[in-house]
Number of protein chains: 2
Amino acid sequence: MSRQDTITLGHGSGGTLTHELLDRYIFGPLSNPHLDRQHDGAVLDLRGPLAFTTDSFVVQPLFFPGGDIGSLAVHGTVNDIAMCGAYPKYLSLSLILEEGLLLTDLERILQSIQKACLEAGVQIVTGDTKVVEKGSGDGIFINTTGIGTMHPKAHIGVERIKEGDAILVSGTLANHGITIMSQREGLSFASPIESDSRAVHEPVLALLDELGDAVKLLRDPTRGGVGTVLNEIAQQSKLGVQLDAESIPVAPTVNGACEMLGLDPLLVANEGLFIGVIDQSVKEKAIDLLKRFPASAAVTFIGQMVASHPGQVVSHNAMGGKRVVPMLPGEQLPRIC
Amino acid sequence: MSRQDTITLGHGSGGTLTHELLDRYIFGPLSNPHLDRQHDGAVLDLRGPLAFTTDSFVVQPLFFPGGDIGSLAVHGTVNDIAMCGAYPKYLSLSLILEEGLLLTDLERILQSIQKACLEAGVQIVTGDTKVVEKGSGDGIFINTTGIGTMHPKAHIGVERIKEGDAILVSGTLANHGITIMSQREGLSFASPIESDSRAVHEPVLALLDELGDAVKLLRDPTRGGVGTVLNEIAQQSKLGVQLDAESIPVAPTVNGACEMLGLDPLLVANEGLFIGVIDQSVKEKAIDLLKRFPASAAVTFIGQMVASHPGQVVSHNAMGGKRVVPMLPGEQLPRIC
């Protein structure tokens, strides 16, 4: 493989090699009027209030069933904006490239970014590219930071959660984490498992259109999984979370993989899932609405907020058994996103 | 050194270790009402138009005379917002930590970030922290992304530049690049050299207050240096840049170091400098105003826009000599910022 096929330190100099790299691999595929100005920043005509959110992506492998680091970097930030109760509008894109990265891989990742942006209706409007020596990075790290405009009916806040509020999850758990883990360990399963990486803003915004402030909280359970996010909600709301163990949706193959690997699906990462805490009076409306969207077709109610055991998440099964669901303690799977 | 003194992979899990790390090292030092909500994103009440800009920082060494990667990450993005003609308001902060990073170094960097934010009047309102295995990163990489509100009198754009417009630089060249290079090479000089890393938004905003749309373009010459930015301006404006070689301000020690190292100060990186292209009729006003600010006390006019040699930067000396100033071709000094 020739030096011309890979990223070199000169690509990070800020000089002509940087310009050539940006023109061909970044500005080309991502072209839009904001980015085409090639200034250090973008000027955006937006009316507040705004949502603002950032994420860096370091996932390994860079390409996996159901997505890659590029699509993940768009979906992750689009979803974080949606969790604020906002319409995703603009993203920044900052790349840290390792010397030796194949330009064909960079090209494939940028195409995936652009496809994910078009699907989600967002634009990359400003960016940055740095290069580090071989051994000081790992192929590519991506930061996306997003701006969205708040939904006028959104009134999201953990302080609005009350006893009796219902907890929904928009789809089946643990697909992303199990996909990444099985890629790394070289595991394969009878039916293939794919990451759930996808944008969920459409069903979320439709929920806000329809239910307004009956939507109390939205969270996307990525690293740490559903269990960790529910523990955060319990601690911050000073209420308990009571889960119905049998209602927690996990695809059979994923469930089998979790059993084989000794993992609790509640503590495995997701990338295309959201948790909603909503007023119990609108449960049926919420289900009817969310089932209409592909991204939330498998929506399920998994529990409710209770006054007993404040700060704790307790799972109840049909046999009357109970267990406390912990927050993910430490290392489970590094570099999941 | 014990495992408790350094970053471990568990700190990136999203679970309890991540929460402990964030509470002690991130939310503690950076505390403000937005960040204290600990949601995935911040909700900001801003009126458009807005400036939006991103930068990732990978500088080595992490600590250097005149600053560190933390202060640099704040100054860099504050300055990029100012270059849009905007008031810097809010930043996001995203960290990629390498397993084994000393927690004392992380603490020192976060304190430096907070100090730089307080001095610049900006707040970190949302963030993200990832951990990669030892050998897959290099201590710490930092992304900051910023939002600012446009100055009502700003009318910045390369298309507004005309023949005869004057070009100013806010201070002496090449301090940052020479500082980093001398740290890496173990060079020392008779009088110490420091990075010029600092926020320049105050003089920039004062210039817009006073001169409004007589300010045609603002740019901060970081990677690639003043010469590369002037080449970009020449190419984009389809005019030439004529420089007065003797007027280009370089501190004597820095100049000596450049000569010793065979570097052109015009192509060495800066971090606390801006270039302004302004109407020639307001030159004296601009100088009088900018001299009042410590960050631009050494402001100097270095040349003008000309119709001859469009797309080229040509430096003239007092002896009648001319030379074409190139864009920095490729690798000079990796990881300068």
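Only a predicted model underlies this, so the values are computations on that prediction, with no experimental measurement involved.

Definitions and limits used
Residues numbered from 1 in each chain as written. Chains lettered and ligands numbered in written order. Predicted model: local features only at pLDDT ≥ 70, side-chain atom pairs only at ≥ 80, totals over all residues. Heavy atoms only, no water. Phe/Tyr/Trp six-rings, centres within 6.5 Å; stacked < 30°, edge-to-face > 60°. Helix = DSSP H or I, 4+ residues; strand = E, 2+ residues; numbered from the N terminus. Buried < 20%, exposed > 50% of the residue type's maximum accessible area, 1.4 Å probe, protein only. Lys NZ or Arg CZ within 6 Å of the ring centre and 35° of its normal. Contact = heavy atoms within 4.5 Å. Buried area = accessible area lost by both parts, 1.4 Å probe. Salt bridge = Lys/Arg side-chain N within 4 Å of Asp/Glu carboxyl O. Nonpolar A, V, L, I, M, F, W, Y, C, P; charged D, E, K, R; others polar. Pairing = 2+ DSSP bridges. Axes fitted to C-alpha atoms, helices over the stretch in contact; angles between N-to-C directions. Parallel < 35°, antiparallel > 145°, perpendicular 65-115°, else oblique. Left-handed = near helix turned anticlockwise from the far one by under 90°. Least-squares fit on C-alpha atoms with pLDDT ≥ 70 in both. 1 Å grid on protein atoms, 1.4 Å probe; cavity = no way out; pocket = protein on both sides within 12 Å on 5 of 7 lines; lining within 4 Å. Points joined across faces, edges and corners; volume = space filled by probe spheres on them. Domains from an automatic or database assignment. Polar contact = N/O pair within 3.5 Å; in protein donor to acceptor, adjacent residues only side chain to side chain.

Focus: the packing of aromatic side chains
For the structure shown, the criterion picks out one aromatic pair over all chains. Between phenylalanine 141 of chain A and phenylalanine 141 of chain B, the aromatic rings sit 6.2 Å apart at their centres with planes inclined by 50 degrees, giving tilted as the arrangement. On the criterion of chain membership, the pair formed by phenylalanine 141 of chain A in strand β7 (residues 140-150) and phenylalanine 141 of chain B in strand β7 (residues 140-150) is interchain, its members lying in two chains. Assessed through its relative accessible area of 1%, phenylalanine 141 of chain B is described here as buried. Positioned above the aromatic ring of phenylalanine 57 of chain B, the side-chain terminus of lysine 130 of chain A is 5.2 Å from the ring centre.

Section: the interface of chain B and chain A
Each side of the interface is counted separately: chain B has 77 residues, and chain A has 77 residues. Taken together, both faces of the contact between chain B and chain A bury some 5,900 Å²; the carbon and sulfur share is 55%. The largest contributions to the chain B side of the interface with chain A come from Asp40, Phe52 and Arg223 of chain B, which together make up 13% of the buried area. A salt bridge links aspartate 128 of chain A to arginine 223 of chain B, with the nearest nitrogen and oxygen atoms 3.3 Å apart. At eight residues, the largest contribution of residues to the side of chain B that touches chain A is made by strand β6 (residues 123-132) of chain B. Tallied by class, the residues present in the side of chain B that touches chain A amount to 31 nonpolar, 29 polar and 17 charged. Pairing geometry for strand β2 (residues 50-57) of chain A and strand β1 (residues 42-44) of chain B, over three bridges, is antiparallel. Of the residues in β1 of chain B, the one forming a bridge with leucine 50 of chain A is leucine 44 of chain B.

Observations regarding the packing of helix α1 (residues 16-30) of chain A against helix α4 (residues 103-120) of chain A
Residues and elements named next belong to chain A. Orientation of α1 relative to α4, taken along the N-to-C sense of each, is 25 degrees, at an axis distance of 8 Å. With respect to each other, α1 and α4 are oriented roughly parallel. Read as a crossing pair, α1 and α4 show a hand that is right-handed. Listed contacts from α4 to Leu21, Tyr25, Ile26, Pro29 and Leu30 of α1 are Leu103, Leu106, Glu107, Leu110, Ile113 and Gln114. Here the contact of α1 with α4 is built from residues that sort into nine nonpolar, one polar and one charged.

Thoughts on the sheet that holds strand β6 (residues 123-132) of chain A
Strands pair in a sheet through their backbones, by hydrogen bonds, and they do so in one of two ways: parallel or antiparallel. The strand order across the open sheet formed by five strands is β6(A)-β5(A)-β7(A)-β2(A)-β1(B), and the pairing between neighbours is mixed. Because the sheet does not close on itself, it has two edges, and the strands there are β6 of chain A together with β1 of chain B. Averaged over all neighbouring strand pairs, the angle between strand axes comes to 20 degrees, with direction disregarded. The sheet contacts of α1 of chain A involve β5 (86-98) and β6 of chain A, and relative to β6 of chain A the element is tilted by about 155 degrees. Along the sheet, α4 of chain A contacts β5, β6 and β7 of chain A; its crossing angle with β5 of chain A, the most-contacted strand, is approximately 175 degrees.

As for the relation of the copies chain B and chain A
Screw-axis analysis of chain B against chain A gives a translation of 0.0 Å along the axis, an RMSD of 0.0 Å, and a rotation angle of 180 degrees. Taken together, the turn and the small shift mark the pair as related by a two-fold rotation axis. Across chain B, the smallest distance between a C-alpha and the rotation axis is recorded for glycine 137 of chain B, namely 2.2 Å. Comparing contact sets, 100% of the residues at the interface of chain B also lie at the interface in chain A, consistent with an isologous, same-surface contact.

Overview of the layout of surface pockets
To find the voids left in a structure, one rolls a probe of water-molecule size over its atoms. Taken as a whole, the largest pocket holds about 830 Å³ of empty space. In terms of lining, the largest pocket is formed by 42 residues, of which the most central are Leu22 and Asp40 of chain A together with Arg219, Arg223 and Glu232 of chain B. For the lining of the largest pocket, the secondary structure elements donating two or more residues are α1, α2 (33-36), β5 and β6 of chain A together with β2 (50-57), α3 (69-83) and α7 (225-237) of chain B. Along the lines of polarity and charge, the residues of the lining of the largest pocket split into 14 nonpolar, 17 polar and 11 charged.

As for the sheet that holds strand β5 (residues 86-98) of chain B
Overall, mixed pairing links the five strands, which are arranged β1(A)-β2(B)-β7(B)-β5(B)-β6(B) in an open sheet. Edge positions in the sheet fall to β1 (42-44) of chain A together with β6 of chain B, since each has one partner strand and no second. Here the strands of the sheet are splayed against their neighbours by 20 degrees on average, with no regard to which way each runs. When β5 of chain B meets β6 of chain B, the two strands line up parallel, connected through nine bridges. Within β6 of chain B, the residue paired with serine 94 of chain B across the bridge is aspartate 128 of chain B. Strands β2, β5 and β7 of chain B of the sheet are contacted by α3 of chain B, whose axis makes an angle of about 150 degrees with β2 of chain B. Across the sheet, helix α4 (residues 103-120) of chain B is in contact with β5, β6 and β7 of chain B; its angle to β5 of chain B comes to roughly 175 degrees.

A look at the domain arrangement of chain A
All names here are of chain A. Entries for chain A in the domain assignment read domain 1 (9-150) and domain 2 (158-325). In this structure, domain 1 and domain 2 have C-alpha centres spaced 28 Å apart. Listed per partner, the contact involves 20 residues of domain 1 and 23 residues of domain 2. Of the roughly 1,800 Å² buried at the junction of domain 1 and domain 2 (both faces included), carbon and sulfur atoms supply 63%. On the domain 1 side of the interface with domain 2, the three residues burying the most area are Pro65, Asn79 and Met83, jointly 33% of the side's total. Summed over the shared surface of domain 1 and domain 2, the result is zero salt bridges. Across the contact surface, domain 1 and domain 2 share eight residue pairs in polar contact (both at pLDDT 80 or more). Of all the secondary structure elements, the ones that give two or more residues to the side of domain 1 that touches domain 2 are α3 (69-83) and β5. It is α3 that contributes the most residues to the side of domain 1 that touches domain 2, nine residues altogether.

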